[in-house]
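Close look at the chain arrangement
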Amino acid sequence: MNFRMMTVAGLALVLAGCTTTTAISRNAVESRWLGQPAGGFFAQYGPPLSDVESGSSTVYNWKGGYKTRKTPAQYETGKDGKRGKRISSARTEYLSCSVQLTVSSDYVIRSIRLVGDHKRADGPSWCEEFLGGAKAEKPAAPAS
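Keep in mind it's a predicted model, so treat the numbers as computed, not measured.

**Observations regarding the state of the cysteines**
- In total, this model carries 1 disulfide according to the counting rule given.
- Note that Cys 97 is cross-linked by a disulfide to Cys 127, the S-S spacing being 1.9 Å. Since a negative S-S torsion denotes a left-handed disulfide, the Cys 97-Cys 127 link at about 120° is right-handed. Of this pair, Cys 97 sits in strand E5 (residues 91–103) while Cys 127 sits in helix H4 (residues 126–132), and the two are 30 residues apart along the sequence. Take Cys 97 and Cys 127: they sit in the same class, and that class is buried.

**Observations concerning the pattern of salt bridges**
- In this structure the tally under the stated criterion is 2 salt bridges.
- Asp 106 serves as the salt-bridge partner of Arg 110, at 3.6 Å between the closest nitrogen and oxygen.
- For Arg 110, a relative accessible area of 49% translates into the label partly exposed.
- Exposure remark for Asp 106: the relative accessible area of 48% places this residue in the partly exposed category.

**Some thoughts on the side chain of Ser 57**
- Tracing the sequence through the fold places Ser 57 in strand E2 (residues 57–71).
- For Ser 57, a relative accessible area of 17% translates into the label buried.
- Once you skip the residues sitting within four places of it in the chain, Ser 57 turns out to touch Val 52, Thr 102, Val 103 and Ser 104.

**Quick look at unusual backbone geometry**
- Here Tyr 107, not a glycine, exhibits a phi torsion of approximately 65°, which is positive.
- Turning to its location among the elements, Tyr 107 is positioned in the loop between E5 and strand E6 (109–116).
- Note on Tyr 107: relative accessible area 35%, which makes it partly exposed.

**Overview of the sheet that holds strand E1 (residues 50–54)**
- With antiparallel pairing, the 4 strands of this open sheet are ordered in space as E1-E2-E5-E6. Strands with a single pairing partner mark the edges of an open sheet, and in this sheet they are E1 and E6. Geometrically, the sheet is characterised by an average inter-axis angle of 25° between neighbouring strands, direction not taken into account.
- In this structure, E5 lies alongside E6, joined through 6 bridges in antiparallel fashion. Across the sheet, residue Thr 102 finds its bridge partner in E6, namely Ser 111.

**What about the pairing of strand E3 (residues 74–77)?**
- With 3 bridges joining them, E3 and strand E4 (residues 83–88) adopt antiparallel strand pairing. Residue Tyr 75 lies in a different strand from E4, and its bridge partner there is Arg 86.
- Hairpin connection of E3 to E4: 5 residues between the antiparallel strands, including Asp 80 at a positive phi of 60°.

**Some remarks on the packing of aromatic side chains**
- Within the structure shown, the criterion is met by 10 aromatic pairs.
- A centroid spacing of 5.1 Å and a plane angle of 85° characterise the contact between Trp 33 and Phe 41, whose relative ring orientation is edge-to-face. The pair formed by Trp 33 and Phe 41 is uniform in burial state, with each residue classed as buried.
- Note on Tyr 45 and Trp 62: the rings are 6.0 Å apart at their centroids and 65° apart in plane angle, and the pair reads as edge-to-face.

What counts, and at which threshold
Residues numbered from 1 in each chain as written. Predicted model: local features only at pLDDT ≥ 70, side-chain atom pairs only at ≥ 80, totals over all residues. Heavy atoms only, no water. Disulfide = S-S within 2.5 Å. Helix = DSSP H or I, 4+ residues; strand = E, 2+ residues; numbered from the N terminus. Buried < 20%, exposed > 50% of the residue type's maximum accessible area, 1.4 Å probe, protein only. Salt bridge = Lys/Arg side-chain N within 4 Å of Asp/Glu carboxyl O. Contact = heavy atoms within 4.5 Å. Pairing = 2+ DSSP bridges. Axes fitted to C-alpha atoms, helices over the stretch in contact; angles between N-to-C directions. Phe/Tyr/Trp six-rings, centres within 6.5 Å; stacked < 30°, edge-to-face > 60°.

In structure tokens:
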């Protein structure tokens, strides 16, 4: 009887080890593009810079989303609403986004990795904003 229980327990462990788990998307870019056709990505954002075949998949290097963002100087609010001491200087940021897309032989995006990105402390990074935000969503079909 003990032998049967041990065999059943061992079989249960083996079967439990065979289950697969799906990766949880960590950012808006992955949420938007994993499992989507690579043609849709390249049609919307432009062609890749380079590609390398790796077994049954292809790794594409893409760069885009060029934008210049100007941030004004920040000042303390003084008495009577007057501008006080300067907290931070005005600055200009030159933004771009670089990603690596791993695409399967059926041209579906299997992974997307942010290679070059501009992170912000108070919100989404530039790649998340550009590739995963509202701009990346397909427009709704017009009503007939």
